[in-house]
Amino acid sequence: MRKAVWSPQPRQKLFQSRPEYEALYGGAAGGGKSDALLTEALRQVHIPHYRALILRKTYPQLSELIDRSRTLYHSAFPPARYNSTGHYWEFPSGAKIYFGSMQHPSDKINYQGKRYDFIAFDELTHFTWEEYSYLFSRNRPSGPGTRVYIRAATNPGGIGHSWVKERFITPAPPMTPVVEEVQVDTPEGRRTMSRSRIFIPSTVFDNQKLLENDPGYLASLSLLPPAERSALLYGSWDSFDGQVFSEWRNDPAHYQDRRWTHVIDPFPIPAHWRIYRGFDFGYARPFAVGWFAADPDGRLYHIREYYGCTGTPNTGLRMHPAQIAAEIHRIEQEDEQLRGRKIIGIADPSIFDESRGESVAAMMERTPNFIYWSGGDNTRLPGKMQYHYRLAFDGNGLPMMQVFHTCKHFIRTIPALVYDNSNVEDIDTTQEDHIYDMCRYVLMENPISPQKTTLPPKPPLPPELQSEGAAEFLLL
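Everything numeric here is computed off the predicted structure, so don't read it as measured data.

Reading guide: rules and limits
- Residues numbered from 1 in each chain as written.
- Predicted model: local features only at pLDDT ≥ 70, side-chain atom pairs only at ≥ 80, totals over all residues.
- Heavy atoms only, no water.
- Helix = DSSP H or I, 4+ residues; strand = E, 2+ residues; numbered from the N terminus.
- Buried < 20%, exposed > 50% of the residue type's maximum accessible area, 1.4 Å probe, protein only.
- Contact = heavy atoms within 4.5 Å.
- Areas by Shrake-Rupley, 256 points an atom, 1.4 Å probe, with all protein chains shown as cover.
- Lys, Arg positive; Asp, Glu negative; His and termini not counted.
- Charge placed at Lys NZ, Arg CZ, Asp CG, Glu CD.
- Polar contact = N/O pair within 3.5 Å; in protein donor to acceptor, adjacent residues only side chain to side chain.
- Pairing = 2+ DSSP bridges.
- Salt bridge = Lys/Arg side-chain N within 4 Å of Asp/Glu carboxyl O.
- Right-handed = clockwise from strand over helix to strand, strands pointing away.
- Axes fitted to C-alpha atoms, helices over the stretch in contact; angles between N-to-C directions.
- Parallel < 35°, antiparallel > 145°, perpendicular 65-115°, else oblique.
- Nonpolar A, V, L, I, M, F, W, Y, C, P; charged D, E, K, R; others polar.

Enquirer: Please give an account of the overall build of the protein chain that cites residues and values.
Expert: Each helix and strand counted, the protein chain has 14 helices and 16 strands in total. With the principal axes as the frame, the protein chain shows a C-alpha extent of 80 × 60 × 40 Å. Residue burial in the protein chain is summarised as follows: out of 476 residues, 52% are buried. Sequence separation of at least 24 residues holds for 69% of the intrachain contacts in the protein chain that already meet a minimum separation of 6. Carbon and sulfur atoms provide 53% of the accessible area of the protein chain, an area that totals close to 22100 Å². Seen as two clouds, the 52 positive and the 55 negative side-chain charges of the protein chain have centres 6 Å apart.

Enquirer: So what's going on with the side chain of Asn446? Which residues, and what values?
Expert: Within the secondary structure, Asn446 is located in the loop between helix H13 (434-445) and helix H14 (471-474). The exposure class of Asn446 is buried, given its relative accessible area of 11%. Of the polar contacts made by the side chain of Asn446, one reaches the side chain of Tyr276; its length is 3.0 Å.

Enquirer: Account for unusual backbone geometry, with residues named and values stated.
Expert: With an omega of 5°, the peptide bond running from Thr367 to Pro368 counts as cis. Along the chain, Pro368 turns up in the loop between helix H10 (360-365) and strand S15 (374-375). With a phi angle near 60°, Trp260 is a residue other than glycine that sits in the positive phi range. Structurally, Trp260 can be placed in the loop between helix H8 (226-234) and strand S10 (263-264).

Enquirer: A description of the pairing of strand S11 (residues 274-280) should follow, citing residues and the corresponding values.
Expert: For S11, the buried fraction is high: six of the seven residues fall into the buried class. As judged from the seven bridges shared by S11 and strand S12 (residues 288-294), these two strands associate in the antiparallel manner. In the sheet register, Arg277 faces S12, and the bridge partner there is Trp291. Inspection of the sheet shows S11 paired to strand S14 (residues 343-347) by five bridges, in the parallel sense. When the sheet's bridge partners are listed, Tyr276 is paired in S14 with Ile344.

Enquirer: Please set out the pattern of salt bridges residue by residue, giving values where relevant.
Expert: On inspection of all chains with the given rule, the structure shows 21 salt bridges. The partner of Glu334 in a salt bridge is Arg330, and the shortest N-O contact between them spans 2.5 Å. Separated by four residues within a single helix, Glu334 and Arg330 lie in helix H9 (residues 321-334), roughly one turn from each other. The structure contains a network of salt bridges with shared partners spanning Glu22, Arg167, Glu180 and Arg197.

Enquirer: Which residues make up the pairing of strand S7 (residues 149-154), and what values go with them?
Expert: In terms of residue burial, S7 counts as a mostly covered element, since six of its six residues are buried. Every second residue of S7 is oriented toward a common face, with Tyr149, Arg151 and Ala153 on one face and Ile150, Ala152 and Thr154 on the other, all of them buried. Running through helix H4 (residues 129-134), the crossover from strand S6 (residues 118-122) to the neighbouring parallel element S7 is right-handed.

Enquirer: Pulling in residues and values, what's your account of the packing of helix H11 (residues 380-391) against H13?
Expert: Taken N-terminus to C-terminus, the directions of H11 and H13 make an angle of 85°; their axes are 9 Å apart at the nearest point. Considering their axes alone, H11 and H13 lie roughly perpendicular with respect to each other. Together, Arg380, Pro382, Gly383, Lys384, Gln386, Tyr387 and Arg390 of H11 and Ile435, Tyr436, Asp437, Cys439, Arg440, Leu443 and Met444 of H13 make up the contact between the two elements. Here the contact of H11 with H13 is built from residues that sort into seven nonpolar, two polar and five charged.

Enquirer: Which residues make up the sheet that holds strand S2 (residues 51-56), and what are the values?
Expert: An order of S3-S4-S5-S2-S6-S7-S1-S9-S8 is seen for the nine strands of this open sheet, with the pairing classed as mixed. The outermost strands of the open sheet, each flanked by one partner alone, are strand S3 (81-83) and strand S8 (178-186). Shown here is a sheet whose adjacent strand axes are inclined to one another by a mean of 20°, direction ignored. Inspection of the sheet shows strand S1 (residues 22-27) paired to strand S9 (residues 189-202) by six bridges, in the parallel sense. Following the sheet pairing, Leu24 is matched in S9 by Phe199. Lying on the sheet, helix H2 (residues 33-40) is in contact with S1, S2, strand S5 (96-101), S6, S7 and S9; it crosses S7 at an angle near 160°.

Geometric values such as these leave the question of function open.
Structure, rendered in structure tokens:
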């Protein structure tokens, strides 16, 4: 009887047993994610026409996966051969497992016309939603008798952090299936169809084999900077390496007292406070409108938002400027916090451009909406620094900017912003940065100087890690 080449640990086994169409595994370093994906790809290699695809963002990043596959695949199937030119394994049955990359959005064309029964993404947050969702169209049976599904693994952080969190982390607690229904028009009429997905969390504490082989790995992770440690050791999706605004805190326990949190409960705005309206125009990409109240001390409160997104990440509603103006006008007539107030409009100065005809600003000023704007200061780095100055907590736990918990898109997109790899002082502008820009114009209209900063109390461990001996590492 042959000795087992590899056996799943309990959390890996749970991940590999899930029936959902999509499953995301991971959230922290050392959870055995890569092995789980590589071995899952082997599930159907007894079927001659089976085809699988394992992806990393760039081809050089695949080298470690390929090296590991040489150990696992060759040991499990000695006759199997790796083709280094085509980057695929061929198994005795004729089944193939391909390794691929998608460094640029245009690279998805390389997979046009292909079909894969199984598709796996390693480090999913390195991919954009457009890249991930395009592969849905390539995930189809290569022949009869195969199961068609998608699996992914990742740590928090990266350009795709926001959409991955929105798709897998936010909708439901871990290990809870999410069912998405869609309407499909067919020759026989409209049908309701569904797809399911799930998030299976894992941390280094689930990988006992690693801890037995390298007991010091826990200490190594604990020595990382706080944001990176929270992400890689505990799987936190609220802080991660490369995060622009690592000072961001969203603590529901303090929504009412407004201390040590940037997100708060709504409250009535006094009549003498100034009201600002920010605007970043978008057509194919989302537009962003936000209303801000300024108290006598200069503290800003983001009290309402209007975000022009379809629901698909970073995809705009393609609305005409006059339509946007009409909706702004309606909101300001109906909202009790805004009705009858003088509102100061600050927008991206590009909306005044008349080089290609009537400007966006002029279209919004026309009757019956009369929505007026002044051009904002579009200086990028000083605007980013204004965020940092305002998000800093003082000795009483109060920052100079807070956000009503009803501003869901601000809360979703701002903490997920990461730095640009080329311009390392600025954010990566390929992200969903429209609310960031809108707010930046308002902040530059009300600049403040840096204040003395006080660090907030350390957050507690996630509930699932408060046992198993993990608490001691939070203190390192």
